Every structure is written in C-alpha cells, then in structure tokens.
Amino acid sequence: MQENQSIEQWSAFAIPGVLSVEAGEGGQPRVAVKSDVCEGHVYLHGATVAHWQPRGEKPVIFVSRSSIYDGVHAIRGGVPICFPWFGPNESDPSLPSHGYARTKAWELVGTRDTDTGCSIAFATDIEGFHLDYTVTMGQKLHMVLNVTNTRDVEQTYESALHTYFHVDDVKRASVSGLENTEYLDKVDGDARKNQGNKPITFTQETDRVYVDTQATCVLTDAAGKRVVTVAKTGSDATVVWNPWIDKAAALGDLGDDEWPAFCCIETCNVKDNRVTLMPGGSREVTVTIGVSEGAGG
Ligand code: TA6
C-alpha cells in the first residue's frame, strides 16, 4: 500500500453489515461486500473487481494465485479496465499494454445499498477523459463505465472490461452468442474470419476480437455444471481469450497450471469499434453478469 494511504480514511464509505473497506492482498485497499445474496471485492487499484460470488455458488470471477498486489502491476484476473487503448499502444509499444486505467489508483466516490445490490462508485481522469465506473454486486454483477471527453477537441479511445471468468475446465467450456460474427484472429496475424454457426470452444490459445456485435454471450462451463450470461449495452465488440499452455507459462503472474481454470469474455469498444467523442461527449458501457445451473456435458 502507498505510504500516505490508510484504511481508516475510507471508513466513511462503510455500510454496516454489508460493505467495508479493508486491507486486501498485499495490504492493498479494497471494498469488501458480504451481503445476504453475494460477496465480492473491488480493489481501488485499477478499480479492479477481484471477486464476486453469489450465495450458494462457486466464485464466478477468476484471479490468479500468482497475481501481484503491489499497487503497481495490474491484477492478473478479475475485471481489469483497459483504457484508453487495448493491447499494445499502436504508436508507442513502450507504453503499458492496455493503457493506464488498470494500474492506477481510482478515487472511491461513493457506496450505496440498493435493491439490486451494493453499488460502489469510482472515478478517475486519464489523458483528457473523465471516467465514472460503478460496480453493483448483488444476485447479478453489474458494471457501468462512463467515459466523457473533457477536452475541447474530439478524441478517440478504446476500452475493455476485461473479465476473467472462472471455469472448472476450459477444454470442456463453450461460448455461444457470437455465431456468424466476424472476428480478428490475434493468433493468426489478426486475420479476419467468421465464427460460423458453432459456439466457440477451446482447443488452443484463443484470442479473438469479435467486431460489430452487441450480442449477449453465454458461457457454458460443462465441467462445473454452470452457465454464465454476459449481457451488455454500449459495447460493439467482444474479445474472447484463453492463453493455453505456452502463453500461460510465459506470464509470470499466472500459474502454469491455471490456464484451464478461466476464460475471458471482454466487453469492449476496440479495433473497428473504437469510440470517437466530440468535446463534452460521453459513451456508456454496461455489462450484467448472471449465473444459473447448467447440465454437465
Ligand atoms: O484480451 C486478450 C489480450 O489482449 C491477450 O492478447 C493477452 O495479452 C491478454 O489480453 C492479457 O494481456 P496482459 O497485458 O494483461 O498480459
């Protein structure tokens, strides 16, 4: 934790019996929700959701056991926020992958207990944009990212809510909803392909940017006998990623044996679907995640 931070400074945000601000992994400050319907954590570092578990369910969000919690590195897992670009910066590859949002401390603005769950509001400013981000943890996980152009010239950005979903075995998981959708295949030189009429399954490193899609995705975790729905608004692209064996081994903050335990379904405006805002203009993205029992397959 940075020297000038103390947990006590956030005590005013506590909601007795359901929400507190505590020292999390590495002493990093996090908002902790423990209610009748769910539990969860959101770190102030990157405003990163790092845990959400509806009561009676297994954890839905995956975080690596090797994640680094030093207030500098991005948390490996959870819901990192990629902004104002996605992946390597196209004009300067020396800049941080996925931009600045996921590796900076966001301001905790407010907390509220609502009829759909505990709402936690964050804000930050990045390169002429103001970002407001609200996470609501209840029987569903609802995230809203609002981006406003605060400069007097038009600006273009990319964004992603880069959600890591826990699965019992990615080799037996599938993602439906993106059938017949065009995608850029990042493991094949960004070749443009079409998904065709079958759901996405995982047999190798999978890194695909599905463009021009507002579809709800359905993650079927056959091994875990669970179905997770990922519904969105304001987002025109969806990224699906699993690193598989070699890429997982190359990531120092991911256990070599962890790649079967997650897949990413990311709620994006990237590549063909990056966003240009006029001065003062805003764009809102929402994602709503729900869980239901699923037959094993
Ligand atoms: O969203 C998929 C992706 O762009 C992959 O290419 C992979 O790089 C992943 O993000 C994780 O990126 P990170 O910078 O967190 O290692």
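Residues numbered from 1 in each chain as written. Predicted model: local features only at pLDDT ≥ 70, side-chain atom pairs only at ≥ 80, totals over all residues. Heavy atoms only, no water.

## Considerations on the pairing of strand 11 (residues 159–166)
Then, in step 1: Most of strand 11 is tucked away, with seven of its eight residues classed as buried.
Then, in step 2: Pairing geometry for strand 11 and strand 20 (residues 262–269), over eight bridges, is antiparallel. Considered in strand 20, the bridge of T163 is made with I265. (Buried < 20%, exposed > 50% of the residue type's maximum accessible area, 1.4 Å probe, protein only. Helix = DSSP H or I, 4+ residues; strand = E, 2+ residues; numbered from the N terminus. Pairing = 2+ DSSP bridges.)

## Some words on the nonpolar core
Then, in step 1: Counting 70 residues, the largest nonpolar core has F122, Y133, M143 and I289 as the members making the most contacts within it.
Then, in step 2: For this core, the element with the most residues is strand 8 (residues 129–137), which contributes five residues.
Then, in step 3: In this structure M143 touches V49, V79, Y133, T134, V135, L161, T163, V285, T286, V287 and I289, once residues within four positions along its chain are discounted.
Then, in step 4: Formed by 10 residues, the second largest nonpolar core is a distinct cluster that contains F86, A160, V209 and C268. (Core = buried A, V, L, I, M, F, W, Y, C linked by side-chain atoms within 4.5 Å. Contact = heavy atoms within 4.5 Å.)

## Comments concerning the site of the ligand
Then, in step 1: Near the ligand, the surroundings consist of R76, F86, S97, H98, R102, H162, K186, D207, V239, W241, K247 and E266.
Then, in step 2: The side chain of R76 places a nitrogen or oxygen atom 2.9 Å from an oxygen atom of the ligand.
Then, in step 3: Between the ligand and the protein, one listed contact pairs an oxygen atom with a side-chain N or O atom of E266 at 2.7 Å.
Then, in step 4: Computed on the free molecule, the ligand has an accessible area of 390 Å², of which 87% lies beneath the protein chains in the complex.
Then, in step 5: Its residues placed into classes, the shell around the ligand shows three nonpolar, three polar and six charged. (Near = heavy atom within 4 Å. Polar contact = N/O pair within 3.5 Å; in protein donor to acceptor, adjacent residues only side chain to side chain. Areas by Shrake-Rupley, 256 points an atom, 1.4 Å probe, with all protein chains shown as cover. Nonpolar A, V, L, I, M, F, W, Y, C, P; charged D, E, K, R; others polar.)

## Some remarks on the packing of aromatic side chains
The description of two aromatic rings rests on the distance between their centres and on the angle between their planes.
Then, in step 1: If you walk through the whole model with that rule in mind, you get 13 aromatic pairs.
Then, in step 2: The interplanar angle of 40 degrees and the centroid separation of 5.2 Å between the aromatic rings of Y164 and F262 together place this pair among those described as tilted. Here Y164, found in strand 11, pairs with F262, found in strand 20; they are 98 residues apart in sequence, far enough to count as distant. Comparing Y164 with F262 shows no difference in burial state: the two are buried.
Then, in step 3: Through pairs of rings, three or more aromatic residues link up here, namely F62, Y164, W241 and F262. (Phe/Tyr/Trp six-rings, centres within 6.5 Å; stacked < 30°, edge-to-face > 60°.)

Read these as geometric descriptors, not functional statements.
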